[in-house]
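If you want the building blocks of each chain, they are given just below.
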Amino acid sequence: MIYEYIIFFALAFIVAFSSTPIAKKIAFSVGAVDVPKDARRMHKKPVARLGGLAIFTGFIVSLLFGLLSTYLNMKGIIPNRQLLGMLIGAFIIVAIGIVDDIKQLGPKLKLVFQIMAALSVVFISDIRIVNITNPFAEGGTTQFNNFVSYPLTIMWIVGVTNAINLIDGLDGLAAGISSISYLSLFFVSLITGDTGSAMITVMLAGSTLGFLPYNFNPAKIFMGDTGATFLGFTLAVVSIQGMLKSYAALSIAVPLLVLGLPLFDTISTIFRRALNRKPIMQPDRGHLHHKLIDMGYSQKQTVLVMYSLSGALGLSAIVLADKGFVSAIILVITVAAFVIGGARYMLEMDNVEIPEKYKPSEEMVSPVVNEIKDLEKQ
């Protein structure tokens, strides 16, 4: 069974990796280029921003192979309403993302299409958030009626879609965190026996990781809104499907942990802009990654710190699904202590003075150079 997941992962990875250079060429030909115009942008020269098209291509090719495998009596993807709703919503998200990467649409228009994509999931797939974990309620969960469930589901999908887009501010950040989130949901799905979600998440992880080598600092291409909103949308939808299937007892706790970092950044951004009486959709330079940069971390260091935090939360979600709340909390505290401690001293690594007794003598360092100097003196 495991080898089938490896095949789907590898196919998505190879297709995304191979199609990214093509996406870059297309981006420059249609004008989907990010030109640095303000202090928020960390790059100094124009960069293509249609890399999300390669991620989407990797996922679709792997998915089609999975569907074909089912009809060839191999283990693959079984088509159903849930998959159809997610695909229709994904095509809406990717289509408006491509237009936005070329034309730079307004946030309100993009929001309308994101709501349309969320509605396709709710009504075509017939999935929604129907309960959340509540240790104080009878049975451990609180049930929602339709008047709460439908708006809450749409808010979740739209919110997570934009959460990934908001953290897409440094090279490799959104792609890496999304990959960690996909892999976390993949392992949770394996633990809980949800093979359908496991197939989808491993394909998404493969396509995103296939794009990441081109996107890591210094980035050769950006994923753009096409990629960031597609990643956020699929993460939101798959997490809801998991809630309804195998880990319903854990309800919202698992996806909240998996997506904890981008959600925290989004919520803090909303509060910050509201307190400063600025439009919520107005870009600024107050995100978590910007704060780390201002503290003196390099782009690579900042991304690695945020990878570590996201990985710790994802690992905690896996432990939560397998071992329960207590083990997950212990793991969060333990790993967080090491991540924070490591990040604290990361800035000082280049400034550590080497004691004199460990410094090699001049003769040991460069005997050839010393001989040349002696010849020059003669």
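Per chain, residues are indexed from 1 in the order of the written sequence. Residues qualify for local features only when their pLDDT is at least 70, as the model is predicted, and side-chain atom pairs are given and counted only at 80 or more; totals for whole chains, interfaces and linings, by contrast, use all residues. Here the side-chain values reflect all heavy atoms present in the structure, with hydrogen atoms and water set aside.

Regarding the overall build of the protein
Reasoning step 1: Secondary structure summary: the protein contains 15 helices and four strands in total.
Reasoning step 2: Each residue gets one of three labels from its accessible area relative to the maximum for its type: buried under 20%, exposed over 50%, partly exposed in between, using a 1.4 Å probe on protein chains only. Expressed as a percentage of the 378 residues in the protein, the buried residues total 48%.
Reasoning step 3: Residue contacts are counted whenever heavy atoms from the two residues lie within 4.5 Å of one another. The long-range fraction of contacts in the protein, counting pairs at least 24 apart against all pairs at least 6 apart in sequence, stands at 73%.
Reasoning step 4: Accessible surface, the protein as shown: approximately 18800 Å² in total, 68% of it carbon and sulfur. Only DSSP runs of H or I with at least four residues qualify as helices, and only runs of E with at least two residues qualify as strands; both kinds are numbered from the N terminus onward. A 1.4 Å probe and the Shrake-Rupley method give the accessible areas. Residues count as covered only by the protein chains that appear here.

Describing the pattern of salt bridges
Reasoning step 1: Salt-bridge detection follows one rule: a side-chain nitrogen of Lys or Arg within 4 Å of a carboxyl oxygen of Asp or Glu. Here the structure, examined in full by the defined rule, presents three salt bridges.
Reasoning step 2: With a shortest N-O distance of 3.5 Å, Asp100 and Lys110 are connected by a salt bridge. On the criterion of sequence distance, the pair formed by Asp100 in helix 3 (residues 81-103) and Lys110 in helix 4 (residues 107-124) is long-range, its members being ten residues apart. As far as the burial class goes, Asp100 and Lys110 line up, both buried.
Reasoning step 3: The salt bridge involving Lys110 is made with Asp225; its shortest N-O contact spans 3.1 Å. One end of the pair, Lys110, is in helix 4; the other, Asp225, is in helix 8 (residues 224-244), and 115 residues separate them in sequence. For the residue pair Lys110 and Asp225, the accessibility class agrees, reading buried in each case.

What to know about the environment of Gly210
Reasoning step 1: In this structure, Gly210 sits in helix 7 (residues 195-215).
Reasoning step 2: Between the C-alpha atoms of Gly210 and Ala175, which are 35 residues apart in sequence, the distance is 9.8 Å.
Reasoning step 3: Each residue touching Gly210, except ones within four places of it in the same chain, is listed here: Phe13, Ala16 and Phe17.

Let's talk about the environment of Thr57
Reasoning step 1: Tracing the backbone shows Thr57 in helix 2 (residues 52-71).
Reasoning step 2: Residue class for Thr57 comes out partly exposed when judged on its relative accessible area of 29%.
Reasoning step 3: When the C-alpha atoms of Thr57 and Thr20 are compared, they prove to be 9.4 Å apart, with 37 residues separating the residues in sequence.
Reasoning step 4: Leave out the neighbours within four places in its chain, and Thr57 touches Val15 and Ser19.
Reasoning step 5: A 3.5 Å cut-off defines polar contacts: any pair of N or O atoms within that distance qualifies, except that in protein one atom must be a possible hydrogen donor and the other a possible acceptor, and neighbouring residues in sequence count only when both atoms are side-chain atoms. A distance of 2.7 Å separates the side chain of Thr57 from the backbone oxygen of Leu53, its partner in a polar contact.

Digging into the layout of surface pockets
Reasoning step 1: Roughly 260 Å³ of volume is contained in the second largest pocket.
Reasoning step 2: Where the lining of the second largest pocket is concerned, the elements lending two or more residues are helix 3 and helix 7.
Reasoning step 3: Residues are grouped as follows: Ala, Val, Leu, Ile, Met, Phe, Trp, Tyr, Cys and Pro are nonpolar; Asp, Glu, Lys and Arg are charged; every other residue, Gly included, is polar. Partitioned by chemical class, the residues of the lining of the second largest pocket number six nonpolar, seven polar and two charged. The rule is simple: put a 1 Å grid over the protein atoms alone, call a set of points where a 1.4 Å probe fits but cannot get out a cavity, call an open set with protein on both sides within 12 Å along at least five of seven lines a pocket, and count a residue as lining if it has an atom within 4 Å of a point. Grid points are joined across faces, edges and corners, and a volume is the space filled by probe spheres set on the points.

What to know about a nonpolar patch on the surface
Reasoning step 1: A contiguous nonpolar patch, built from Ile2, Ile6, Phe187 and Leu190 and spanning about 360 Å² of accessible area, is present on the exposed surface.
Reasoning step 2: Those elements that provide at least two residues to the nonpolar patch are helix 1 (2-30) and helix 6 (173-192).
Reasoning step 3: Its place among the elements puts Ile2 in helix 1. To count toward a patch, a residue needs a relative accessible area over 30% and no salt bridge; like charges are then connected within 9 Å, while nonpolar side chains (Val, Leu, Ile, Met, Phe, Trp, Tyr) are connected within 5 Å.

Thoughts on the nonpolar core
Reasoning step 1: Within this scheme, the nonpolar core is defined by two criteria: the residues are buried Ala, Val, Leu, Ile, Met, Phe, Trp, Tyr or Cys, and they are joined through side-chain atoms within 4.5 Å. Membership of the largest hydrophobic core comes to 82 residues, with the highest contact counts inside it found for Phe59, Leu63, Trp156, Ile157, Ile200, Phe230 and Phe233.
Reasoning step 2: When residues of this core are assigned to their parent elements, the largest contribution, ten residues, is made by helix 7.
Reasoning step 3: Ignoring any residue separated from it by four or fewer positions in sequence, one finds Ile200 in contact with Phe59, Leu63, Ile77, Leu83, Met86 and Val238.

Focus on the UniProt feature "binding site: Mg(2+)" (unreviewed entry) in the protein
Reasoning step 1: UniProt positions are given in the numbering used here, feature names are shortened, and annotations may be inferred rather than shown by experiment. As annotated in UniProt, the feature "binding site: Mg(2+)" (unreviewed entry) corresponds to Asn165 and Asp225 in the numbering used here. These annotated residues cover 61 residues of sequence, and their C-alpha atoms all fall within 6.8 Å of one another, placing them together at a single site.
Reasoning step 2: Along the chain, the position of Asn165 falls in helix 5 (residues 146-166).
Reasoning step 3: Those residues within four positions of Asn165 in sequence are excluded, and the remaining contacts are Asp225, Ala228 and Thr229.

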